[in-house]
Amino acid sequence: MNLTTVSVNGLDYTKAVSPSMTLLEFLREELGLTGTKNGCDSGECGCCSVMVDGKPMLSCLMLVLEAEGHKITTIEGIAQGNDLHPVQEAMVEYGAIQCGYCTPAMVINGVHLLENNKNPSNEEIKECISATVCRCTGYNSIERAIHSAAAKMKGGCHG
Amino acid sequence: MSTLLESFNYVRPTNLDQLNLLVMDYITKGYDFTFSAGGTDIIPRLKKQIFNPENLISLSGISDLKGIEKKGEIIIIGALTTLDDLANHDLIKKYFPTLAHAAHKVASPQIRNRATLGGNIMVDNRCSYINQSSLNRDCHAPCFKADGDICHIVKRAKRGDEVLCQARFVSDTAPVLLLLEANITIMGQGGLRKIKLNDLYLNDGIDNRSLRKDELITKIEVKIPENESLHYEKLAIRNALDFPSLGVAVCLSEQNLSVALTGLNPRPGLFKAKIKNYNNFDEMVSDICDQALAFAVTYNQDFFPRAYRKSMIPVFIKRGISNILKEKK
Amino acid sequence: MVDLTKGYPDKGYKIIGKPVPLIDSRAKVMGQALYTDDIRLHNPLTIKILRSPYPSANILSLDTKDALALKGVKGILTGADFKNTFGVLTISKDEPAIARDVVRYEGEPIAAVAAETETIAEAALKLIKVNYEITEAVLDSKTALKPTDRPLHPELNKENNLHKKVLQEFGDMEQGFSEADVVIEKRFRFASINHGFTEPHATQVEIDNKGNITVYSATQVPHYLHMAMAEVLEIPEHNIRIVKPHLGGGFGGKSDPFPHEMIAAKFALDLGRNVKIKFTREEVFFSHHGRHQTDLTMKLGFSKEKGITALGLDTLIDGGAYGSFGIVTTYYNGVLLQGPYKIPNFRFHVNRMYTNKPMCGAMRGHGGVNPRFASEVLLDMACAEIGLDPAETRLKMIHKENTLTTNEFRITSVGLQNGLKEAMRRTKWHEKYGKLPFGKGIGVACGFFISGSALPIHWNKLPSSTVRMTIDHDGGVTVYSGATDIGQGSDTMLAQMAAEVLGQSLGNIKVISADTRITPVDLGSYSSRVTFMAGNASRNAAIRMRKILVEAACALLDIDPPKYEKPEKSKDFFRQGGLKPDFEQGFLGPNPDYSDGFIFEDGLIRSENHNQSVTFLEAVEKALEFEGILQTSGTYRAPKLGGKFKGAGAGLSPSYSFTAFIVEVTVDSETGFIKVDKATCAHDCGFPLNPLAVNGQIEGCIHMGLGQALMEEMVYDNGATQNPSFLDYKIPSAFEQPVVDIVPTFSDDSEGPFGAKEAGEGILAPIIPAIANAVYDAVGIRLTQLPMRPDRVIFALEKAKKDKGATS
Ligand SMILES: Cc1cc2nc3c(=O)[nH]c(=O)nc-3n(C[C@H](O)[C@H](O)[C@H](O)COP(=O)(O)OP(=O)(O)OC[C@H]3O[C@@H](n4cnc5c(N)ncnc54)[C@H](O)[C@@H]3O)c2cc1C
Ligand code: SF4
């Protein structure tokens with residue numbers, strides 16, 4: 001067992017963990033943050049995306065010990081209280097959510113895109129969600145939602 | 001079937017001195033260890049229990065191994081530079097747009113945010129048997145790559161064969177780096193050494209890298225090309241996630257044409273032709289295609305059948321050339 | 001956002017027909033929605049399953065001693081612990097929870113361990129010693145037809161591995177072919193494909209101190225699971241409560257009772273502990289239950305004047321090791337060809353075979369997808385041969401309203417013609433078809449699907465669906481339904497029904513669904529039945545509620561309550577279900593009529609005649625005075641349908657949906673890559689209750705159809721699954737998804753709730769042949785094997801070149 005401190009959604013958590021524990025297991029089993037999903041556990045479905053220092057990464061392919069010293073943001077850390085992020089709002093409005101299992105990952109990837117790119121092209125939006133499997137929506141509505149969130153963010157509705 | 005990792009000891013040195021001491025210690029004690037960089041290749045293999053190292057030495061804490069800088073006409077890329085940083089770096093986009101493109105073609109955005117260039121050129125060779133689920137592997141005898149005595153792809157293979165294991169090389173960046181004649185710096189217990197990237201690779205699917213256990217890559221150096229133009233094309237059924245079923249890099253200058261291949265044999269292929277040795281351009285192209293075809297050993301261990309993958313080699317080479325010519329115009 | 005209601009008739013509804021986000025979207029987008037594996041029970045044991053590495057074997061011995069001795073291991077189950085087999089269909093209960101003596105597919109459960117941690121459970125699996133005698137496996141459906149003395153299921157069939165044979169013939173085939181201008185026969189081959197839902201199977205079981213269990217499970221069919229579990233565990237149903245938490249996609253893949261569900265429940269009962277199990281992605285692929293691998297020969301007779309004169313098919317489907325929904329699949333391979341065009345002479349012969357592979361079952365478009373591909377490609381070939389426009393030809397042949405098909409399906413509402421016409425206009429069909437440059441192509445295909453199976457799987461006289469509705473003292477409305485929201489949005493649909501009838505905002509409606517302790521029986525989410533059946537039930541419960549509130553309002557206003565008409569059976573055959581509103585016995589039929597002279601809006605109930613009103617809350621309070629509680633039930637019962645021949649029940653539905661696709665593609669003739677550029681879809685789902693949800697179903701079906709068309713396939717080598725991962729099983733990414741144009745298409749289904757029909761499955765089938773037909777238009781090849789991989793395109797192109805060379 002190794003003692004580690006990981007910063008998740010702005011809070012530091014110190015826990016004794018097995019070195020073989022992935023960040024995904026840590027989030028779900030140790031912290032009870034079940035918004036991050038485990039769809040394949042091998043980097044192929046994208047559902048376990050979290051932000052590490054603001055960049056989306058797959059928490060199933062990352063040991064929790066590797067997360068030490070980095071800032072982890074999960075889906076639970078995206079909305080400000082009851083205020084949804086424009087990407088979340090748009091996902092709801094555009095019907096980009098059906099079964100919802102990939103939704104947290106889509107939000108994480110979409111938020112990252114728009115925080116770094118105010119005017120994403122269709123291609124860039126496709127790219128940003130290209131490795132997160134959504135079996136319900138066919139991706140079209142997710143793309144529309146991200147487009148609309150981009151427009152809204154430019155309008156300065158949300159910080 | 002498990003996706004649980006077997007337990008191992010984990011260490012993360014924070015500078016090169018610490019790393020050296022640690023490696024020395026492990027070597028003298030005879031400990032089993034493996035390096036991990038981004039971990040995107042190694043973690044899935046650990047989960048599938050393809051191998052179980054006792055110690056995992058993480059390189060991710062060593063900032064000296066990260067970053068991209070220009071020294072004269074040479075661009076030096078730290079081995080721990082992520083593929084995303086590489087693909088988006090101004091120097092790379094300016095001088096090696098094709099390398100940026102190839103890096104961008106690897107896996108997925110989330111993986112590229114973590115995966116490193118060092119890890120990518122060192123990525124383990126793949127095969128439809130060894131990268132199987134453990135349940136499927138359980139019902140077969142272990143193969144050569146799993147320390148067994150049989151190959152499930154080439155049934156007649158036996159110990160003593162020149163190439164024992166046909167697991168294929170899959171790095172997307174390596175072919176481009178090969179055409180750019182990249183050098184790599186290797187650090188080991190004996191100090192530093194610099195070799196051509198091409199000399200890193202052996203024709204052995206079990207381990208195709210000529211590194212000793214204690215050695216690691218610290219940087220990749222690439223000279224800014226004078227008049228060469230490059231193109232990289234990847235064969236994959238999807239535009240995301242998939243390993244290359246075939247990857248073809250083409251480099252064309254006034255004098256030379258060269259081609260590098262990935263996704264086929266245990267080692268990458270590299271072929272060169274000098275224009276002055278041919279009667280005309282087409283003759284050269286067809287000769288280099290023939291060389292590539294003669295080199296390529298394909299097996300049915302991919303989404304695409306072997307014959308198709310092979311037949312795409314000349315198509316991709318010609319496409320690469322015509323793309324370069326088009327861009328020049 | 002574009003106005004999604006544009007193009008549809010305005011029926012004056014407030015919530016029906018409006019684009020509303022699914023009511024659980026907010027919880028989902030915040031990561032708060034709990035899926036089965038997200039639930040945290042008190043101190044659960046973790047279950048792991050030992051699976052067979054061999055597709056066919058006898059278990060000579062099984063030694064669990066060492067595993068049991070491992071510290072932290074609490075229990076081990078083997079085949080001997082389960083007496084009863086199970087299956088979703090009463091007529092094929094052939095699956096054991098754990099293999100007993102015989103292994104029938106690679107990945108079949110051999111033993112299960114419950115331990116304090118996952119690590120211990122894993123370690124224990126390795127300590128179980130199994131002595132297998134490997135036996136010869138039956139690897140494909142052709143071999144399965146051969147006589148054998150060692151069939152997979154000797155209890156059902158001693159001769160060979162035939163599971164189900166269906167042969168139906170209508171009309172006179174010979175006569176039909178003789179009337180044809182062209183007769184084309186072709187063989188087709190289809191790979192088995194997987195649902196690829198993102199949430200792996202998971203189950204958790206909570207046990208109370210009286211030995212009652214609550215089973216939280218990722219299931220599409222809580223009701224069938226309930227029944228199967230009671231039978232397998234030999235305990236009364238009332239000791240079991242099945243709850244379906246949020247569910248991460250099903251598409252048919254979670255519509256059977258599963259071994260792991262039985263195993264988990266048994267462990268909980270035996271050990272008196274809470275337990276949990278979650279599949280790895282590999283285990284999902286090993287369990288499979290996907291679309292059947294299919295070999296099919298189809299023969300089409302076509303006449304310029306009469307259209308289709310005869311259609312015959314011979315089909316072999318590879319069912320894998322167990323029955324699952326297979327008997328239904330077998331029928332659906334034939335009967336779902338009965339639309340969208342009239343086929344006067346029709347014959348189909350389908351054999352479903354048992355093989356030593358993971359079983360196949362229901363998957364979106366159930367049984368109808370592969371034969372649809374064949375028939376639409378043959379139709380295209382016939383048109384090409386005679387020189388007819390394939391879109392115009394289809395337009396002419398689509399069923400008219402109120403007709404009977406050759407096998408006596410009752411076709412009521414049909415609104416596809418206008419949709420297809422509009423799709424042709426939007427895509428500039430006539431300017432493009434046959435006129436695009438080499439490599440670019442446009443193609444068309446149509447399809448048809450049931451809106452729920454009229455007959456239940458387990459024969460009974462209960463309604464097809466029942467909904468309970470309550471109103472609290474403060475006016476909050478709750479809908480209780482056994483219908484299973486699997487992400488398709490059925491909870492939202494149920495809420496819309498109640499909101500519309502009771503004049504409430506969607507936010508004022510709570511839906512409690514898929515909990516067998518609390519919600520009335522609903523058969524589950526399969527066969528696209530939920531909107532039509534549970535939707536009608538919810539609407540009817542709301543109408544009864546409305547009557548109570550209107551009477552209360554009348555009492556308050558001191559006016560006479562409206563006179564409700566007695567139900568009266570319609571004489572019209574095509575409207576047999578067409579009863580007048582029945583406020584006493586449950587409203588069975590036609591819409592929209594629940595007009596009672598009152599308007600429910602803005603929190604008021606207003607009498608139109610007296611122009612007086614009371615608040616909704618006042619009416620609720622008054623009604624509570626009479627009743628104490630405010631509660632109604634609403635039901636839906638499918639009308640009596642169908643012919644009198646054997647097997648006439650298969651494919652009977654109170655209504656059918658119709659779809660047309662026009663697809664534009666680019667084919668790279670050097671690499672063989674097919675890029676679908678644009679898909680234009682016209683889908684007649686009656687009246688779309690929620691265009692946002694309907695469009696989502698259309699785009700989702702396009703994605704899934706695209707996958708089957710171009711890249712998805714289960715690969716087996718000697719019975720071993722070769723690609724049990726999302727890396728090797730190729731699900732299209734956002735890059736491959738085409739631009740989608742949805743043409744507003746509608747009809748008024750007089751029996752569907754507010755005129756609605758199916759929108760979840762039928763859309764999937766025609767996109768695939770539309771792609772194939774577009775590929776023909778682009779490069780002149782006919783692909784008859786799915787997936788249409790680039791190497792197959794190249795092969796076909798080379799063959800075409802050779803053939804051309806040979807003839808010229
Ligand atoms: C779903 C999925 C898809 C993928 N698709 C692709 C793809 O399309 N193309 C592709 O090329 N790869 C692909 N990969 C593989 C992998 O992600 C990349 O190759 C990646 O670049 C590996 O880098 P890493 O830093 O994560 O390597 P690691 O996993 O950390 O290491 C890989 C290997 O290199 C060794 N190593 C790492 N760094 C050094 C060093 N500095 N010196 C010496 N040895 C070192 C490690 O010991 C290990 O053996 C994919 C992986 C996944 C999970
Ligand atoms: S090619 Fe190599 S990895 Fe594949 S089966 Fe043969 S020995 Fe094993």
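Remember, it's a predicted structure, so these values are computed and weren't measured experimentally.

Caption draft 1: Spotlight on the overall build of chain B. In terms of regular secondary structure, chain B is built from 11 helices and 12 strands. Taken over C-alpha atoms, the radius of gyration comes to 20 Å for chain B, in line with the 20 Å a tight globule of 329 residues would show. Viewed in the frame of its principal axes, chain B has a C-alpha envelope of about 60 × 50 × 35 Å. Across the 329 residues that make up chain B, the buried fraction comes to 60%. Across chain B, every contact between residues at least 6 apart in sequence was considered, and the portion connecting residues at least 24 apart equals 61%. Accessible surface for chain B amounts to roughly 13,300 Å². Of this, 49% is attributable to carbon and sulfur atoms.

Caption draft 2: Representation of the interface of chain A and chain C within the structure. On the side of chain C, 52 residues touch chain A, which itself brings 47 residues to the contact. Taking both partners together, chain A and chain C bury about 3,900 Å²; carbon and sulfur atoms supply 53% of that area. There are 7 salt bridges connecting chain A and chain C. Put simply, Asp38(C) and Arg28(A) hold a salt bridge, and the shortest N to O gap is 2.7 Å. On the surface where chain A and chain C come into contact, there are 28 residue pairs in polar contact (both at pLDDT 80 or more). When residues of the side of chain A that touches chain C are traced back to their parent elements, those giving at least two are α1 (23-30), α2 (86-93), α3 (103-116), α4 (122-129) and α5 (140-154) of chain A.

Caption draft 3: Structural context of the site of ligand 1. In the vicinity of ligand 1, 36 residues are found, and the nearest of them are Phe35(B), Ala37(B), Gly39(B), Thr40(B) and Thr116(B). This site is not confined to one chain, since residues near ligand 1 come from chains A and B. Here an oxygen atom of ligand 1 sits 2.6 Å away from a polar atom, N or O, in the main chain of Ala37(B). Between a nitrogen atom of ligand 1 and a main-chain N or O atom of Ile217(B), the distance comes to 2.8 Å. Within the complex, the protein chains bury 97% of what would otherwise be the 970 Å² of accessible surface of ligand 1. Of all the secondary-structure elements, those providing two or more residues to the shell around ligand 1 are β2 (33-36), α2 (42-47), α7 (117-121) and β8 (216-223) of chain B. Taken together, the residues of the shell around ligand 1 sort by class into 18 nonpolar, 12 polar and 6 charged.

Caption draft 4: The arrangement of the interface of chain B and chain C in detail. Listed as interface residues are 32 residues of chain B and, on the opposing side, 39 residues of chain C. Buried area between chain B and chain C, both sides added, is near 2,800 Å², and the carbon and sulfur share of it is 61%. Taken together, the connections running from chain B to chain C amount to 3 salt bridges. Its salt-bridge partner being Lys730(C), residue Asp242(B) comes within 3.1 Å of it at the nearest N-O pair. Connecting chain B to chain C are 9 residue pairs in polar contact (both at pLDDT 80 or more). Listed by contribution, the elements that provide at least two residues to the side of chain B that touches chain C are α8 (134-138) and α11 (306-328) of chain B. The dominant element in the side of chain B that touches chain C, judged by the number of residues it contributes, is α11(B), at 5 residues. A per-class count over the side of chain B that touches chain C returns 17 nonpolar, 8 polar and 7 charged.

Caption draft 5: The environment of Lys210(C), seen in detail. Residue and element names in this part refer to chain C. Looking at where Lys 210 falls in the secondary structure, it is placed in the loop between β9 (202-207) and β10 (213-217). Looking at Lys 210, the relative accessible area reads 69%, which means it is exposed. Separated by 62 residues in the primary sequence, Lys 210 and Gly 272 have C-alpha atoms spaced 9.7 Å apart.

Caption draft 6: How the structure looks around helix α6 (residues 222-233) of chain C. Residues and elements named next belong to chain C. Taking 1.5 Å per residue as the helical rise, α6 with its 12 residues ought to reach 16 Å, and the 16 Å between its terminal C-alpha atoms agrees with that figure. Extensive coverage of α6 is indicated by the burial of 10 of its 12 residues. Buried residues of α6: Pro 222, His 223, Tyr 224, Leu 225, His 226, Ala 228, Met 229, Ala 230, Val 232 and Leu 233, and no others. For α6, the secondary structure elements touched by its buried residues are β10, β11 (240-243) and α7 (259-271).

Caption draft 7: Representation of the domain arrangement of chain A. All names here are of chain A. By the assigned domains, chain A splits into domain 1 (2-77) and domain 2 (86-154). Centre-to-centre, using C-alpha coordinates, domain 1 lies 22 Å away from domain 2. At the junction of the two partners, domain 1 supplies 17 residues and domain 2 supplies 13 residues. Carbon and sulfur atoms supply 68% of the area that domain 1 and domain 2 bury against each other, a total of about 1,100 Å² over both sides. Linking domain 1 with domain 2 are 0 salt bridges. Linking domain 1 with domain 2 are 3 residue pairs in polar contact (both at pLDDT 80 or more), by the criterion used here. If you list the elements that add at least two residues to the side of domain 1 that touches domain 2, you get β3 (49-52) and β4 (55-58). Ranked by residues supplied to the side of domain 1 that touches domain 2, first place goes to β3 with 3 residues. Taken together, the residues of the side of domain 1 that touches domain 2 sort by class into 6 nonpolar, 8 polar and 3 charged.

Caption draft 8: Quick peek at the sheet that holds strand β24 (residues 612-615) of chain C. All names here are of chain C. Here we have 3 strands laid out as an open sheet, ordered β22-β23-β24, and antiparallel in their pairing. If you trace the sheet from one side to the other, it starts and ends with β22 (598-601) and β24, each paired once. The sheet shows a mean angle of 20 degrees between the axes of neighbouring strands, direction not considered. The strands that helix α16 (residues 616-627) touches are β22, β23 (604-607) and β24; relative to β24, the one it contacts most, it runs at about 75 degrees.

Caption draft 9: Seen up close, the environment of Ala107(B). Residues and elements named next belong to chain B. With respect to the helices and strands, the residue Ala 107 is situated in the loop between α5 (97-104) and α6 (109-112). Separated by 136 residues in sequence, Ala 107 and Phe 243 place their C-alpha atoms 6.7 Å apart. Once residues within four sequence positions are removed from consideration, Ala 107 is found in contact with Arg 112, Lys 234, Ala 240 and Leu 241.

Caption draft 10: Broad picture of the nonpolar core. Formed by 283 residues in total, the largest nonpolar core has its most connected members in Met91(A), Leu549(C), Val663(C), Val665(C), Ile674(C), Ile771(C) and Met788(C). For this core, the element with the highest residue contribution is helix α15 (residues 530-557) of chain C, accounting for 16 residues. Ile674(C) has contacts with Val665(C), Thr666(C), Val667(C), Leu710(C), Ile771(C), Val775(C), Leu783(C), Met788(C) and Val793(C), leaving out every residue within four places of it along the chain. By size, the runner-up hydrophobic cluster in this structure holds 88 residues, among which are Val64(A), Phe8(B), Tyr201(B) and Ile217(B).

Caption draft 11: Spatial organisation of α1(A). Residue and element names in this part refer to chain A. Looking at α1, one finds that the buried residues are Leu 23, Leu 24, Phe 26, Leu 27 and Arg 28. Next to the buried residues of α1 lie β1 (2-8), β2 (11-17), β3 and β5 (71-73). Directly after α1, the chain includes Gly 32, whose backbone phi takes a positive value near 70 degrees.

Caption draft 12: Structural view of the confidence of the model for chain B. Summing up the model confidence of chain B, the mean pLDDT is 94 and the portion of residues at 70 or higher is 99%. For this predicted complex, the interface score ipTM comes out at 0.97, alongside a pTM of 0.96.

Caption draft 13: Quick look at the pairing of β2(A). Residue and element names in this part refer to chain A. The pairing of β1 with β2 spans 7 bridges and is antiparallel. By the bridge assignment for β2, Ser 7 is matched with Asp 12. Taking the residues that link successive antiparallel strands as the turn, the β1-β2 hairpin has 2 residues, and the phi of Asn 9 there is positive, at about 50 degrees.

Caption draft 14: Fine view of the packing of α3(A) against α5(A). Residues and elements named next belong to chain A. It is the contact of α3 with α5, at a shortest axis distance of 11 Å, that shows an interaxial angle of 40 degrees. Relative to α5, α3 is oriented oblique. The way α3 lies across α5 gives a crossing that is right-handed. Where α3 abuts α5, its residues Met 106, Gly 110, Leu 113 and Leu 114 lie against Ile 142, Ile 146, Ala 149, Ala 150 and Met 153.

Caption draft 15: Structural context of the packing of α4(A) against α5(A). Residues and elements named next belong to chain A. In contact at an axis separation of 10 Å, α4 and α5 are set at 120 degrees when each is read in the N-to-C sense. Comparing the axis directions of α4 and α5 gives the class oblique. The handedness of the crossing between α4 and α5 is right-handed. Across the interface between the two elements, Asn 122, Ile 125, Lys 126, Cys 128 and Ile 129 of α4 pack against Ile 142, Glu 143, Ile 146 and His 147 of α5. Residues of the contact of α4 with α5, tallied by class, amount to 5 nonpolar, 2 polar and 2 charged.

Conventions we followed
- Note on numbering: residues in each chain are counted from 1, in written sequence order.
- Chain letters and ligand numbers both follow the written order, the letters beginning at A and the numbers at 1.
- Reporting of local features is limited, given that this is a predicted model, to residues whose pLDDT is at least 70; pairs of side-chain atoms are given and counted only at 80 or more, and all residues count toward the totals for whole chains, interfaces and linings.
- The basis for the side-chain values is all heavy atoms of the structure; hydrogens and waters are excluded.
- Secondary structure follows DSSP: runs of H or I at least 4 residues long count as helices, runs of E at least 2 residues long count as strands, and numbering of each begins at the N terminus.
- Atoms counted for the radius of gyration: C-alpha only. Globule rule: 2.2 Å times residue count to the power 0.38.
- Categorising residues by exposure relies on relative accessible area from a 1.4 Å probe, with only protein chains included: less than 20% of the type maximum marks a residue as buried, more than 50% marks it as exposed, and the intermediate range marks it as partly exposed.
- Residues count as neighbours in contact if any of their non-hydrogen atoms are within 4.5 Å of one another.
- Surface accessibility in these figures is a Shrake-Rupley result with a 1.4 Å probe; residues are shielded only by whichever protein chains are displayed.
- Here the quantity called buried area is the total loss of accessible area, with a 1.4 Å probe, experienced by two parts when brought into contact, counted for both.
- Salt-bridge detection follows one rule: a side-chain nitrogen of Lys or Arg within 4 Å of a carboxyl oxygen of Asp or Glu.
- By the criterion applied in these results, polar contacts are pairs of N or O atoms within 3.5 Å in which, for protein atoms, one can donate a hydrogen and the other can accept it, and in which residues neighboring in sequence qualify only through two side-chain atoms.
- Only a single heavy atom is needed: when it lies within 4 Å of a molecule or strand, its residue is near that molecule or strand.
- Ten residue types, Ala, Val, Leu, Ile, Met, Phe, Trp, Tyr, Cys and Pro, are classed as nonpolar, four, Asp, Glu, Lys and Arg, as charged, and the remainder, Gly among them, as polar.
- Multiplying one less than the number of residues by 1.5 Å gives the expected span of a helix.
- The source of the domain bounds is an automatic or database domain assignment.
- A pair of strands is treated as paired once DSSP finds two or more bridges between them.
- In this analysis, axes come from line fits to C-alpha atoms, helices being fitted only over the stretch in contact, and the angle between any two N-to-C directions falls in the range 0 to 180 degrees.
- What makes a nonpolar core is a set of buried Ala, Val, Leu, Ile, Met, Phe, Trp, Tyr and Cys residues whose side-chain atoms join them at distances within 4.5 Å.
- pLDDT measures the predictor's confidence residue by residue and takes values from 0 up to 100.
- We call two directions roughly parallel when the angle between them is under 35 degrees, roughly antiparallel when it is over 145, roughly perpendicular when it lies between 65 and 115, and oblique otherwise.
- Two helices cross in a left-handed way if the nearer one is turned anticlockwise from the farther one by less than a right angle. They cross in a right-handed way if the turn is clockwise.

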